[in-house]
Amino acid sequence: MKMKTHSGAKKRFKRTGTGKLVRRKAGSRHLLTGKPRDRKRNLKGATDVSSASTPALNKLLPQ
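Residues numbered from 1 in each chain as written. Predicted model: local features only at pLDDT ≥ 70, side-chain atom pairs only at ≥ 80, totals over all residues. Heavy atoms only, no water.

(A) Region of the structure containing the overall build of the protein chain. A tally of regular secondary structure across the protein chain gives three helices and three strands. Order of helices (α) and strands (β) in the protein chain, N terminus to C terminus: α-β-β-α-β-α. Here the protein chain has a C-alpha radius of gyration of 15 Å; the compact-globule value for 63 residues is 11 Å, and the former is much larger. If one aligns the C-alpha atoms of the protein chain with their principal axes, the spans along those axes are about 50 × 20 × 20 Å. Residue pairs in contact within the protein chain that sit at least 24 positions apart in sequence constitute 58% of those at least 6 positions apart. Surface exposure of the protein chain reaches about 5600 Å², of which carbon and sulfur atoms provide 54%. (Helix = DSSP H or I, 4+ residues; strand = E, 2+ residues; numbered from the N terminus. Rg over C-alpha atoms; globule rule 2.2 N^0.38 Å. Contact = heavy atoms within 4.5 Å. Areas by Shrake-Rupley, 256 points an atom, 1.4 Å probe, with all protein chains shown as cover.)

(B) Highlighting the nonpolar core. A9, F13, L21, V49, L57 and L61 together form the largest nonpolar core, which totals six residues. With sequence-adjacent residues up to four places away left out, L61 is seen in contact with T5, H6, A9, K10, F13, R15 and L21. (Core = buried A, V, L, I, M, F, W, Y, C linked by side-chain atoms within 4.5 Å. Buried < 20%, exposed > 50% of the residue type's maximum accessible area, 1.4 Å probe, protein only.)

(C) Inspection of the side chain of K35 at higher detail. Looking at the secondary structure, you find K35 in the loop between β2 (21-24) and α2 (37-42). No salt bridge is formed by the buried K35, whose closest oppositely charged neighbour, D38, lies at an N-O distance of 12 Å. Non-local contacts of K35, meaning those with residues more than four positions away in its chain, are made with G27, H30 and K40. (Lys, Arg positive; Asp, Glu negative; His and termini not counted. Salt bridge = Lys/Arg side-chain N within 4 Å of Asp/Glu carboxyl O.)

(D) The arrangement of unusual backbone geometry in detail. Its identity is not glycine, yet L31 carries a phi of approximately 55 degrees, on the positive side. Tracing the sequence through the fold places L31 in the loop between β2 and α2. Given a relative accessible area of 65%, L31 falls into the exposed group.

(E) Representation of a positive patch on the surface within the structure. A contiguous patch of positive charge, built from R37, K40, R41 and K44, is present on the exposed surface. Here K40 lies in helix α2. Look at K40 and you get partly exposed, because its relative accessible area is 33%. (Patch = residues over 30% accessible without salt bridge, like charges linked within 9 Å, V, L, I, M, F, W, Y side chains within 5 Å. Charge placed at Lys NZ, Arg CZ, Asp CG, Glu CD.)

(F) Examining the sheet that holds β2 more closely. Spatially, the three strands line up as an open sheet ordered β1-β2-β3, and their pairing is antiparallel. Taken across any chain shown, the strands that pair with only one partner, and hence form the sheet edges, are β1 (13-15) and β3 (46-48). Averaged over neighbouring strand pairs, the angle between their axes works out to 35 degrees when direction is ignored. Alignment of β1 against β2, held across three bridges, turns out to be antiparallel. Counted as the bridge partner of K14 is V22 from β2. (Pairing = 2+ DSSP bridges. Axes fitted to C-alpha atoms, helices over the stretch in contact; angles between N-to-C directions.)

Interpretation note: all reported values are geometric properties and have no functional meaning in isolation.
Written out as structure tokens, the structure is:
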């Protein structure tokens, strides 16, 4: 059978040119008024997926 990509993972993770997985940081959607400025600034941008969860994500995102 044809291998399928997991739709939820496809929307949340991107692969870099070298093959690493990149994710957005959690906690920057709502309730931002109670969070300090430096914490909100640290939530900007993307970060690499941890090495512990990379094998599971590679199964969800083949290729």
